[in-house]
Amino acid sequence: MSDVRHVLVLPDRDAAQEAAEALGERFGLDEEPRLLRDALAGEDDAEDAQWLVVLADEDERLDPRELDAFAAQWDGWREEP
């Protein structure tokens, strides 16, 4: 087993929450994705923040291209490792 994690970058909290819920249904995840707020240093305005959805893929069964297309549904993207 490896310690592979995928990070989806989404434009706001609502999109991140919707995506996190849909990920389990779409990809049959064993572990619930984590949501993290990512703001530039000194940025306190929530509108300037991006939200990260972090999901474990220890068995490396998730296709990065499918995750790219999935994140794009919410105007997001998958961060390259």
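Keep in mind that this is a model prediction, so the values were computed, not measured. (Residues numbered from 1 in each chain as written. Predicted model: local features only at pLDDT ≥ 70, side-chain atom pairs only at ≥ 80, totals over all residues. Heavy atoms only, no water.)

1. Here we look at the layout of surface pockets
Consideration 1: One number sums up the size of the largest pocket: a volume of about 170 Å³.
Consideration 2: Lining the largest pocket are ten residues; nearest its centre among them are D30, A56, D57, E58 and R61.
Consideration 3: For the lining of the largest pocket, the class distribution of residues is four nonpolar, no polar and six charged. (1 Å grid on protein atoms, 1.4 Å probe; cavity = no way out; pocket = protein on both sides within 12 Å on 5 of 7 lines; lining within 4 Å. Points joined across faces, edges and corners; volume = space filled by probe spheres on them. Nonpolar A, V, L, I, M, F, W, Y, C, P; charged D, E, K, R; others polar.)

2. Here's the deal with the side chain of R78
Consideration 1: With respect to the secondary-structure elements, R78 resides in strand 4 (residues 77-79).
Consideration 2: You can call R78 buried: its relative accessible area is 10%.
Consideration 3: Only 3.2 Å separates the side chain of R78 from the backbone oxygen of P64, close enough to count as a polar contact.
Consideration 4: A polar side-chain atom of R78 sits 3.0 Å from a polar atom in the side chain of D68.
Consideration 5: Once you skip the residues sitting within four places of it in the chain, R78 turns out to touch H6, V7, L8, P64, L67, D68 and A71. (Helix = DSSP H or I, 4+ residues; strand = E, 2+ residues; numbered from the N terminus. Buried < 20%, exposed > 50% of the residue type's maximum accessible area, 1.4 Å probe, protein only. Polar contact = N/O pair within 3.5 Å; in protein donor to acceptor, adjacent residues only side chain to side chain. Contact = heavy atoms within 4.5 Å.)

3. Observations regarding the pattern of salt bridges
Consideration 1: Inspection of the entire model under this criterion finds four salt bridges.
Consideration 2: The salt bridge involving R65 is made with D63; its shortest N-O contact spans 3.3 Å.
Consideration 3: For R78, the salt bridge identified is with E80, shortest N-O distance 2.9 Å.
Consideration 4: Among the ionic contacts, a cluster of salt bridges with common partners joins D68, R78 and E80. (Salt bridge = Lys/Arg side-chain N within 4 Å of Asp/Glu carboxyl O.)

4. Considerations on a negative patch on the surface
Consideration 1: On the surface, a cluster of negative charge is made up of D12, D14, E18, E21, E25 and E32.
Consideration 2: With respect to the helices and strands, the residue D14 is situated in helix 1 (residues 13-27). (Patch = residues over 30% accessible without salt bridge, like charges linked within 9 Å, V, L, I, M, F, W, Y side chains within 5 Å. Areas by Shrake-Rupley, 256 points an atom, 1.4 Å probe, with all protein chains shown as cover. Lys, Arg positive; Asp, Glu negative; His and termini not counted. Charge placed at Lys NZ, Arg CZ, Asp CG, Glu CD.)

5. A word on the nonpolar core
Consideration 1: Ranked by internal contacts, the top residues of the largest apolar core, which has 17 residues, are L8, L23, V53 and L55.
Consideration 2: With six residues, the single largest contributor to this core is helix 1.
Consideration 3: Among all residues touching L23, those that are not within four sequence positions of it are L8, G28, L29, P33, V53, L55, L67 and F70. (Core = buried A, V, L, I, M, F, W, Y, C linked by side-chain atoms within 4.5 Å.)

Read these as spatial facts, not as claims about activity.
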